[in-house]
Structure formats: C-alpha cells, structure tokens
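Read off the chains here:
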Amino acid sequence: MRSPFRICTVLIAVLVLIGALSLYAQRPLPALKMVSADSNAQTPRTQLPGHNALLMGADWYPEQWPEERWETDLRMMEAAHLDVSRIAEFAWSRMEPSEGHYDFAWLERAIRLAEKHHVAIVLGTPTAAPPAWLTQKYPETLRVEPDGQRVTHGMRAHGSVTSAKYREFCRRIAEEMAKRFGHDPNVVGWQIDNEYGYALMSYNEEARRQFQDWLKAKYKTLDALNEHWTTFYWSQTYDNWDEIPIPMGEHNPGLLLDWKHFVTYAWAGYQQNQIDAIRAHADPRQFITGNFMGYGFNGFDHYIVTKPLTLVAWDDYVGTGHLDPDANGISHDAMRGLKRENIWVIETQPGAVNWSHLNNALNKGETRAMAWHDIGHGADEVSYWQWRSALNGQEEIHGTLVGPDGKGVPLLEEVAQTAKEFADLQNAFRDTRVVSQVALLSDYDSRWAIDWQRHTEKYDQFAILKSYYHALRKLSQSMDIVSPDAPLDSYKLVVAPDLYLIPKERAAHLAAYVKNGGHLVLGPRSGMKDEFNALLPIRQPGYLAEPLGGQVEQYYAMEKAVPVNGSLGSGEASVWAEWLKTSAPDAEVLLRYGRSNGWLDGQPAVITRPYGRGRITYIGTVLDDKLMQATAEWMSKASDVTLAFGAVPDGIEASRRVGPNGAMYVLINWSAEGQSVTLPHAMQSLLEQREVTQIQLPQYGVAILSDPSKH
Ligand code: GLA
C-alpha cells in the first residue's frame, strides 16, 4: 500500500524538479549572433522594369480558339486587371506545322492584341509537346520507358531529353521563336518547356551511352569508380565502361546517386540548349525561366538546374483539400531558396484541378488568401492555369476563370478583386524581399539517399521537415529553405533536419558558420555519408563530430514511441532514435531517452555544445509536436531569433517582406473563426487605407500592413 507520506514526498520532489527544469529552460542564454535584416537594395529580377511590381495573370491558349474570339478574351483579362499571360507552350504543331516550315504570324497577331489590352506575354517553348509529324518520322525522339516500351504520341512530355535528334528540333524551334520575338516589346520573358521537374528519362542505349561517358568524365578511371562504389560487393566490379547499367529499381547506392547526378546533367543540358538558342537572339531584358513544381518534386537537383535561369517560377496546386500554409509555405520558401531570390507562381489553381483524387474547389475567399500568401512568401507574380479550357482534350474539366460559354465563372470576380489589390499596392512591395533569421537546409543528394534506404517506412522526410518548419515559423514568422552549401552567415539559426551527406568540404563550410557565431542544429541521420553515397569511416555526424564534441554511438529504427525527457521538457520520440554520446567536457545533454530497447535507456537524445563564437546542437530523434515546439523555443532563444511581425493568435499566418522603405506585413486568417490581432504598434493598413493598432480578420481575411520604421 502507498503511504500518504510517501506520496506527499514524491509530489514535492516532482514539483521541485519541474520548477528547477523550467528555471533551467528559461535561463538567459548567451545571444550568439547579431544579424541585421537589411534588405538588398537592388530590384529583384522577378520585378520587371516598366511593369507593376506585383503582377497577376492567366495562362491562355489562343491556338485553341477562333481568332475572332481573342479580343474578347483579352478585353476580359484587362477588365479583370490581369497584366500577364503565358502562351504557346504547347503550340508546336501550330508554329511548325511541317518540318522546317514555321508559322508565327498568328502568334504575332495574338501578342499585338495582348499588347493593345496591356497584357504582357511570357512565351513558352513548346518542347513538352512535339508534333506528330516529328515523332512519326523520327521515332528515336520519343522516350523509352524502363520496361523498354517506346511512348506513343498523344500525351505530352514524350520527347527524350537525351536524344540528340530531339535536341536539334528543340533548339531550332526555340531559335526561330527567339528570332521572331526576341525583341518584341510585349514579350517580357521565356519559359523553357513545361514542368520538367518530372525529370522523365529515356531508358535506351543512347541515354545509357551518355551516362557511361558522363561517368568516364567524372571518374577518369574505372579503378576510381569501382573504389567509390565499393564494387567488390556482390561482384559488381566493372572492367569496361560499357558494362555499367542504367539503374532500375534497387541498386548500388553509389550508382544510384551518380544516375541522379546524370539526370540533373541531362536536364540542365536540355535546358541550356534552349537557353543558348534564345539568348543568341533575345534582348537581355527578357527573362528566361522554367516552371518548377515545388518542394515535393525531386527528380533532379533543382539548385543546379535553376542556376542559369534568370528567375525561378513554379506551379502551385493544392489538389485535394485546402491550403495548408505550412506545406505550401515550404514549397514557396524552397523555390525561393533555389536562387535565394523572389519567385513567380506561373501557374496556380482557379478553384479546382482535374487530376487529384477529389477535385474540390477552394472555398470562397481562399483563392484570394492564397494569392496574398504567395506574395508574403516572396512571389511577385501569380498566374491562374488556365484562362479557359479547350472544348476537348485531356484537361477539359480543370478549373478555369472563363467557362465553356465564354463568360467569367463566379471565381473571376474574386481574382479580379485580388488583381486590383496587387495593382493598388504594387509600389509598397517594390524592391521588397523576404529576409529571414532562420534557415532550413535541404539537399537533394541527402533526400534521395535516405529514400533509397529508409530503414523504416515511417521515415518521412517531408513530415520531419514540416515539424521543424511549423515550430520554427511560429517563432520567427519568416523562414528560408536553402542548400547546405549556400552562404549561411546572415542566419542566426540554421537547422538541417536530415543532412545525410556531409562530405569534408560541406562540413568545413558548416563548421565555419558555427565558428563565426551561428547556431547549427543537426537532425537525425546527419553526416553518415560522403559525396559518393558511401558510409563515412567515422561515426555520425562524421566530420562534424569534433566540433559537436559528441557522436552517434548507434542508430535504431523504432517500433514504437519511447519517452524522452530533460531540460527541454518531456514527451515522446518515435520513428528513429540515435544513442548519442558526449566527449567534450562542455557538451551538454538536453534530452535523454527513458525506458526503451535497453540500448537507448537513459542515453542522450539531444546534445549541444558552444563552438567558436556559435553553437552546435544534435537532435538524434523525431520528437512529438509538443516537445518539438519546446525544443524550437529553446533553439530560437539560444540563437536570439525574434518574430518578424509580433505575437499573433493561432491560425494567423504573418509574413514579412523588407525593402528600402521599411517592412510590409501580410497577415492571413486561415482558421475557421474570425480573429482579432493586436499590433505591436500602430501601422498603416494599406487595404483599408488607415492607421490601425488592432485588426479583425474573418476566415480567409487578409491585412497588408506597412511599417516604414522597420528595416
Ligand atoms: C500543370 C501543367 C499545366 C496543366 C496543369 C493542370 O501545372 O503545367 O499545363 O496541366 O498542371 O493542373
């Protein structure tokens, strides 16, 4: 039986412990770094000289309609305050109706009419849709699927990027378009192809030979390749370059990673072929972009492929359900992080799509809120796909702004209102950018490598990234997602949720960031592999174990959640658990595992150590939401991270852009209920055109606030 005295003593002890822990958690931590949120004074490449700083548009297909209709459409666009339209990206058969015979007269007329109605044009090269005469006469231009089947005509993205013949045709059509429109005053830019983020490859001999040549150029000798891939394993040793296969399914991890690098190289080359053709004839004022597809698409390394482009544009679709500001924010921030510059949303959904498992429409007001959310995350243009759907073709029942009857659908009014707001507030947003104190690191090599060897099917890298993003965005209201090799010195806090590959040079770059006063937080699986996707012959986090003053003793895929507790609080860890060990006397244990698989019991789960002028922290497991929030609070406090705007109720998303004239805030209410927000001090509410200290926001309500005093 328990005696009341013992219960009382235990209770007092627990209370004292909780008190001590909370005092410990609240103790003042040394401010690590002073980072000024100074904006870069230059105009972002996404804001076009002579045009509104914020643009809205719709993607339009004049080739699908009788010419008599064009002016009605353009008049309607103008009335809806739309200023830009992307056209021609699937119109190859209209522009080159037969081999070598080009017809751009119709396109010229469409561009002139658009100009008359103040709609600027982005021209898409049509290479995602080669015409039937081409694929029929030159079947080698068609992709071959992994099962050996050549794709047939009638879908899109059927061309093979590694086909020399196909590239020849692509270069010619891009060149002819550029010759004709490279100096056109109403053409503001170019989009190469369409959504090559799918990164589809051809599995044929031509591609295989190119892969082998690429490997030869990289490794020089087969000995080097065999060594890095450890090919004595399972008798994989290669004695001739032409023995090396294209990987299909499971394969040697070194070969898998090199294949991805080759895919990146192939797409970058395919893109460069068209960039060169356009640049030779186009005004420098015309930008060149591609339409990428958000964080989730990792077919190739987007940092490399987007490098030669003027700006990054992406296609932002919700599909089923409603906008999740965190998930969508991650894609925006990751796309913005590719070139560390503002972005365009060159396609977004007008109400509903046609390709998801449930094509529900966004609620009334949600489309407007989403457009402002885009701006808050650094977009300078938002375009709806599409203006009006063709009367036949695979996408007839996708959402549009104009119905089959040629009249605006109900959503057009909401889009027109938002476009008017963009136009009215464009001066306030001119030269503004997102400037963040916190960065998450995202690396394509690590993403691929973990996904090939997940070790537990519960290891969901996106869910892990999102848990950090959610917790830290609440505490900063502004996040960047960048490459681990990007300059990091402007950040107070840099978090790498699962940076699996940390080769020597990368480790030195990260260690230098810490030495200079940054706080680097590494998540589970960090620093296990080198750049060849081979295990490092040092314990995790590899070359960063020394600065950390600790290492991973062993890792475990978890069958179920286990308790963890310490100065950051208590809760559960799941999915993945690493038994950490400290070696440096100044390394501190912040969380320990409770009773678990025996190996982990009582062992460190989170450790931290001051290093140089900064700090390095290792989180060896996946924390539950509450503990993640507490850990994020500790991280941001330890790094002196401050809110970009100020305290807001749950459900309100606050974003900030900074420019030479101060800060612009975008506040959006994503919760189902109306919310009241008290401002940190009086600001100008630009949509209401008055000074405010408090605002009321209904569901999907938006406030745009300006604070010239903040930079
Ligand atoms: C993509 C494509 C468009 C269209 C839309 C439909 O974004 O680029 O051509 O198919 O999807 O949602």
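Residues numbered from 1 in each chain as written. Predicted model: local features only at pLDDT ≥ 70, side-chain atom pairs only at ≥ 80, totals over all residues. Heavy atoms only, no water.

A few points about the overall build of the protein
A count of helices and strands for the protein gives 18 helices and 25 strands. Taken over C-alpha atoms, the radius of gyration comes to 27 Å for the protein, in line with the 27 Å a tight globule of 711 residues would show. Counting across all 711 residues of the protein, residues that qualify as buried make up 60%. Sequence separation of at least 24 residues holds for 74% of the intrachain contacts in the protein that already meet a minimum separation of 6. Summing over all exposed atoms, the protein offers an accessible surface of approximately 28,700 Å²; the carbon and sulfur share of this is 53%. Side-chain charges of the protein comprise 67 positive and 86 negative groups, with the mean position of each set lying 4 Å from the other. (Helix = DSSP H or I, 4+ residues; strand = E, 2+ residues; numbered from the N terminus. Rg over C-alpha atoms; globule rule 2.2 N^0.38 Å. Buried < 20%, exposed > 50% of the residue type's maximum accessible area, 1.4 Å probe, protein only. Contact = heavy atoms within 4.5 Å. Areas by Shrake-Rupley, 256 points an atom, 1.4 Å probe, with all protein chains shown as cover. Lys, Arg positive; Asp, Glu negative; His and termini not counted. Charge placed at Lys NZ, Arg CZ, Asp CG, Glu CD.)

Focus on the pairing of strand 12 (residues 493-496)
Because side chains alternate across strand 12, one face comprises the buried residues L493 and V495, and the other comprises V494 and A496, equally buried. Where strand 12 and strand 13 (residues 519-522) come together, 4 bridges link them in parallel fashion. In the sheet register, V495 faces strand 13, and the bridge partner there is V521. Handedness of the crossover joining strand 12 and strand 13 through helix 16 (residues 504-515) is recorded here as right-handed. (Pairing = 2+ DSSP bridges. Right-handed = clockwise from strand over helix to strand, strands pointing away.)

Section: the site of the ligand
Near the ligand the following residues occur: F90, R156, N194, E195, N291, D315, Y317, E347, W355, W385, E395 and H398. Contact between the ligand and N194: an oxygen atom at 2.9 Å from a side-chain N or O atom of the residue. At a separation of 2.3 Å, an oxygen atom of the ligand approaches a polar side-chain atom of E347. Out of a free accessible area of 310 Å², the ligand has 97% covered by protein chains. Considered class by class, the residues forming the shell around the ligand number 4 nonpolar, 3 polar and 5 charged. (Near = heavy atom within 4 Å. Polar contact = N/O pair within 3.5 Å; in protein donor to acceptor, adjacent residues only side chain to side chain. Nonpolar A, V, L, I, M, F, W, Y, C, P; charged D, E, K, R; others polar.)

With respect to the packing of helix 7 (residues 205-219) against helix 9 (residues 253-279)
Orientation of helix 7 relative to helix 9, taken along the N-to-C sense of each, is 105°, at an axis distance of 10 Å. Taken together, the axes of helix 7 and helix 9 are roughly perpendicular relative to one another. Note on element contacts: helix 9 touches helix 7 through L255, D258, W259, H261, F262 and Y265, opposite A207, Q210, F211, W214, L215, K218 and Y219. Of the residues that constitute the contact of helix 7 with helix 9, the class distribution is 9 nonpolar, 2 polar and 2 charged. (Axes fitted to C-alpha atoms, helices over the stretch in contact; angles between N-to-C directions. Parallel < 35°, antiparallel > 145°, perpendicular 65-115°, else oblique.)

Considering the confidence of the model for the protein
Taken over all residues, the pLDDT of the protein has a mean of 94, while the share at 70 or more is 94%. A low-confidence stretch, residues 1-40 (pLDDT under 50), is modelled with 46 contacts involving residues beyond four sequence positions or located in other chains. (pLDDT = per-residue confidence, 0-100.)

Some words on the packing of aromatic side chains
Throughout the structure, instances matching the rule amount to 38 aromatic pairs. Between Y303 and Y444, the aromatic rings sit 5.5 Å apart at their centres with planes inclined by 75°, giving edge-to-face as the arrangement. On the criterion of sequence distance, the pair formed by Y303 in helix 10 (residues 302-305) and Y444 in helix 14 (residues 444-452) is long-range, its members being 141 residues apart. Given a relative accessible area of 15%, Y303 falls into the buried group. Accessibility expressed as a relative area gives 4% for Y444, which makes it buried. Within the aromatic cluster, the residues linked to one another by ring pairs are W92, Y166, Y196, W267, Y270, F292 and F300. (Phe/Tyr/Trp six-rings, centres within 6.5 Å; stacked < 30°, edge-to-face > 60°.)

Describing the sheet that holds strand 21 (residues 652-659)
Taken in spatial order, the 5 strands line up as 21-22-25-23-24 in an open sheet, and their pairing is antiparallel. Since the sheet does not close on itself, it has two edges, and those belong to strand 21 and strand 24 (690-697), each with one partner. Going from strand to strand, the sheet's axes swing by 20° on average, the running direction of each strand aside. Pairing analysis gives 7 bridges linking strand 23 (residues 675-685) to strand 24, with the strands arranged antiparallel. Looking at the pairing, Q675 lines up with L697 of strand 24. Against the sheet, helix 13 (residues 411-429) touches strand 21, strand 22 (662-669) and strand 25 (702-707), its axis set at about 140° to strand 22.

Let's talk about a nonpolar patch on the surface
Nonpolar side chains collect at one region of the surface, where Y198, L200 and F297 lie side by side and expose about 260 Å² of accessible area between them. Relative to the helices and strands, L200 is located in the loop between strand 4 (187-191) and helix 7. When its relative accessible area of 33% is taken as the criterion, L200 is described as partly exposed. (Patch = residues over 30% accessible without salt bridge, like charges linked within 9 Å, V, L, I, M, F, W, Y side chains within 5 Å. Salt bridge = Lys/Arg side-chain N within 4 Å of Asp/Glu carboxyl O.)

Describing helix 6 (residues 164-181)
Taking 1.5 Å as the rise per residue, helix 6 with 18 residues should run 26 Å; its terminal C-alpha atoms sit 26 Å apart, in good agreement. Buried within helix 6 are the following residues: Y166, F169, C170, I173, A174, E175, M177, A178 and F181. On its buried face, helix 6 is in contact with helix 3 (92-95), helix 4 (105-116), strand 3 (120-124), helix 5 (132-137), strand 4 and helix 9. (Expected span 1.5 Å × (residues − 1).)

With respect to helix 8 (residues 222-229)
Along helix 8, the residues that are buried comprise L222, L225, N226 and W229. Along helix 8, the residues classed as buried sweep out an arc of 95° about the axis, all on the same side. Away from its buried face, by an angle of more than 90 degrees, helix 8 presents the exposed residues D223 and E227. Check the buried side of helix 8 and you find it contacts helix 7 and helix 9. (Arc of directions from axis to C-beta.)

Topic: the pattern of salt bridges
One pass over the structure, following the stated rule, counts 33 salt bridges. Here E421 ties to R368 by a salt bridge, and the two come within 3.0 Å at their closest N and O atoms. You can see E421 sitting in helix 13 and its partner R368 sitting in helix 12 (residues 366-376), a full 53 residues away along the chain. There is no split in this pair, since E421 and R368 are both buried. Within the structure, one salt-bridge network assembled from shared partners comprises E108, R112, E115, R180 and D184.

Observations regarding the side chain of N186
Considering the arrangement of structural elements, one finds N186 in the loop between helix 6 and strand 4. Of note is the side chain of N186, whose polar atom sits 3.2 Å from the backbone oxygen of I111. Contacts of N186, omitting those with residues within four sequence positions, involve I111, R112, A114, E115, V119, A120 and I121.

Let's talk about the pairing of strand 4
Burial within strand 4 is extensive, with 5 of its 5 residues counted as buried. One ladder, built from 4 bridges, connects strand 3 with strand 4; its direction is parallel. Pairing of I121 across the sheet is with V187, part of strand 4. Summarising the sheet, strand 4 and strand 5 (residues 287-289) pair through 3 bridges and their orientation is parallel.

Notes on unusual backbone geometry
Along the chain, W385 connects to Q386 via a cis peptide bond; the corresponding omega equals 5°. As for its position among the elements, Q386 is in the loop between strand 9 (379-384) and helix 13. The omega torsion across Q540 and P541 is -5°, close enough to zero to call that bond cis. Along the chain, the position of P541 falls in the loop between strand 13 and helix 17 (545-548). The phi angle at H81 is positive, at roughly 65°, despite the residue not being glycine. Structurally, H81 can be placed in the loop between helix 2 (67-79) and strand 2 (84-87). One non-glycine residue, K220, lies in positive phi territory at about 65°.

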